[in-house]
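One-letter residues, chain by chain:
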Amino acid sequence: MSAPNPYPLGLRLAGRRVVVVGGGAVATRRVPALLDAGADVLLVSPELTPALRAHVDAGRLHWEPRRFAPDDLDGAWLVQAAVDDPVAAAAVSAAAAERRIFCVRADDRAAATAWTPAVTRHGPVTVAVLGGGDPRRAMTVRDAVRDLLGARKGPLLTDSVEEGAPVNNAAAGRGRVALVGAGPGDPELITVKGWRLLTEADVVVADRLVPGLLLDELRTGVELVDASKIPYGPSRAQEEINRILVDRALAGAFVVRLKGGDPYVFGRGGEELLACAAAGVPVTVVPGVTSSIAAPAAAGVPVTHRAVAHEFTVVSGHVAPDSPASLVRWDALAGLRGTLVILMGLKNLAAITGTLIGHGRPADTPVAVVQEGTTGDQRSLRSTLGAVAADVVAAGLRPPAVVVVGDVVGALDG
């Protein structure tokens, strides 16, 4: 007699406690979907990946830096044992069973009381596929459904959805690298090509700022490398990333280097391409939607507008204006009439604004600051060049944030 089928159910977790045990790659993939569902997440683990630490620092979840204890499940509605230690996972399962709480286990699906399905999301539509206990089957069916939905010509949930063109499901090549821009934060803003390559990947090397829900949709068995967890300083870390890309590709894997925004907009994608080229590894570059345009747009600020600005300049503010390492001509930027977009500039904002004012940019120039643009945690404020540094501190804004300087800040106001 065959095993009974699982009962499919959509859990409404908003405001309800969900416990995640483990702070590694599995938890990194699963937590974003729980946060997207509005769950009150308790993460129990002695250590965390940098991506999970970013959620903690942003106040999106609560972290207990220790090993699991059974009373962690008191008041919980669901628990995910995101550990590969069978003994530890069994302890979580036992505590959950005593409390009649459903338990998802990363180490042993047969011992779990709940399974996480393969998921694809299209706006308000979520398609979840269970493959009878076979995650590869579930992923294959999920990908076919997503391709069909992605090939549509009309919008979803209308009276008439036209049939799209046939989808080419030819197998992907191997022994290559793709530099994929993941976009500014909203997982739906990755390009169609970028998402397709991500679903074909054997190895994914991801930055801290990539949308977490994209990682939730990776194929089973994909090696996920958290690039922000690589030790050493910035230069050594980049060397290690380059080495990982080259070594995995030379071993025959298809490697996707998933980068927030666009690979070439302050993303060091050029260095990665040169390293691969030197090793004879073929590289595909997939541009991404950059936060320098998307974050202002999400906050109601166009970077150009007729009769207001005929130019916009994107500059990195990670180096202070008075630093010998700065390559930016701040004096020249102060004399421009167009829009100035500053990335990675929150730490040096007071020095940047003071320098621009000192070189002639009026202190009453409108400024907008957008934190985590296009995501559910987006925050923004409007100010002036003379006051914005103090206003950002008072408002508690934090990186990643985009600063927009210019009259376009108020161009769309009523």
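These notes cover the structure that comes with them. Computed from a prediction, not measured in an experiment: that's the story for all the values here.

### What about the overall build of the protein chain?
For step 1, the next point in the chain: Scanning the protein chain for helices and strands turns up 12 helices and 17 strands.
For step 2, the next point in the chain: In summary, the protein chain has a C-alpha radius of gyration of 23 Å against a globular reference of 22 Å for 414 residues, a match within 12%.
For step 3, the next point in the chain: Expressed as a percentage of its 414 residues, the buried residues of the protein chain come to 45%.
For step 4, the next point in the chain: For the protein chain, the proportion of contacts with a sequence separation of at least 24, taken over those separated by at least 6, is 62%.
For step 5, the next point in the chain: Total accessible area on the protein chain stands at roughly 20400 Å², and carbon and sulfur atoms take up 55% of it.

### Side note on the packing of helix α11 (residues 349-358) against helix α12 (residues 388-395)
The axes of two packed helices give the description: the angle between them and the distance between them.
For step 1, the next point in the chain: Following both chains from N to C, one finds α11 and α12 inclined at 160°, their axes separated by 8 Å at the closest point. Relative to α12, α11 is oriented roughly antiparallel. In this structure, α11 crosses over α12, and the sense of that crossing is right-handed. Contacts from L349, A350 and T353 of α11 reach α12 at V388, A389 and V392.
For step 2, the next point in the chain: Looking at the contact of α11 with α12, its residues break down into five nonpolar, one polar and no charged.

### Looking at the sheet that holds strand β15 (residues 366-371)
Through backbone hydrogen bonds, the strands of a sheet pair up, either in parallel or in antiparallel fashion.
For step 1, the next point in the chain: With respect to topology, five strands assemble into an open sheet ordered β13-β14-β17-β15-β16, the strand pairing being mixed. Both edges of this open sheet fall to β13 (312-316) and β16 (379-384), since each of them pairs with a single strand only. For this sheet, the mean inter-axis angle between neighbouring strands, taken without regard to orientation, is 20°.

### A closer look at helix α8 (residues 269-278)
Because the α-helix completes a turn every 3.6 residues, residues three or four places apart line up on one side.
For step 1, the next point in the chain: The set of residues buried in α8 consists of G269, E272 and C276. Relative to the axis of α8, the buried residues are bounded by an arc of 60° and lie together on one face. Exposed side chains of α8 directed beyond 90 degrees from the buried face belong to L274, A277 and A278.

### Here we look at the packing of aromatic side chains
Each aromatic ring pair is specified by the distance between its two centres and by the angle formed by the two planes.
For step 1, the next point in the chain: Applying the stated criterion across every chain, the model contains zero aromatic pairs.
For step 2, the next point in the chain: Sitting over the ring of W77, R16 keeps its end group 4.5 Å from the ring centre.
For step 3, the next point in the chain: Over the aromatic face of F254 sits the side chain of R176, whose NZ or CZ is 3.8 Å from the ring centroid.

### Topic: the sheet that holds strand β11 (residues 254-259)
For step 1, the next point in the chain: Strand order in the open sheet formed by five strands is β10-β9-β11-β8-β12, with parallel pairing between adjacent strands. Bordering the open sheet on either side are β10 (223-226) and β12 (283-286), each of which pairs with just one other strand. Pairs of neighbouring strands in the sheet enclose a mean axial angle of 15°, with direction left out of account.
For step 2, the next point in the chain: One ladder, built from six bridges, connects strand β8 (residues 176-181) with β11; its direction is parallel. Bridge pairing in β11 links L179 to R257.

### Here's the deal with the pattern of salt bridges
For step 1, the next point in the chain: Overall, the coordinates contain 23 salt bridges when judged by the stated rule.
For step 2, the next point in the chain: In this structure, R243 engages E240 in a salt bridge whose closest nitrogen and oxygen atoms are separated by 2.6 Å. One end of the pair is R243 and the other is E240, both in helix α7 (residues 234-250) and three residues apart, which spans about a single turn.
For step 3, the next point in the chain: One continuous salt-bridge network, built from bridges that share partners, spans R60, E372, D377 and R398.

### Points about α11
For step 1, the next point in the chain: Among the residues making up α11, those that are buried are L349, I352, T353 and L356. In an axial view of α11, the angular spread of the buried residues amounts to 90°, which keeps them on one side of the axis. Turned more than 90 degrees away from the buried face of α11, the exposed residues are A350 and G358.

Definitions and limits used
- Residues numbered from 1 in each chain as written.
- Predicted model: local features only at pLDDT ≥ 70, side-chain atom pairs only at ≥ 80, totals over all residues.
- Heavy atoms only, no water.
- Helix = DSSP H or I, 4+ residues; strand = E, 2+ residues; numbered from the N terminus.
- Rg over C-alpha atoms; globule rule 2.2 N^0.38 Å.
- Buried < 20%, exposed > 50% of the residue type's maximum accessible area, 1.4 Å probe, protein only.
- Contact = heavy atoms within 4.5 Å.
- Areas by Shrake-Rupley, 256 points an atom, 1.4 Å probe, with all protein chains shown as cover.
- Axes fitted to C-alpha atoms, helices over the stretch in contact; angles between N-to-C directions.
- Parallel < 35°, antiparallel > 145°, perpendicular 65-115°, else oblique.
- Left-handed = near helix turned anticlockwise from the far one by under 90°.
- Nonpolar A, V, L, I, M, F, W, Y, C, P; charged D, E, K, R; others polar.
- Pairing = 2+ DSSP bridges.
- Arc of directions from axis to C-beta.
- Phe/Tyr/Trp six-rings, centres within 6.5 Å; stacked < 30°, edge-to-face > 60°.
- Lys NZ or Arg CZ within 6 Å of the ring centre and 35° of its normal.
- Salt bridge = Lys/Arg side-chain N within 4 Å of Asp/Glu carboxyl O.

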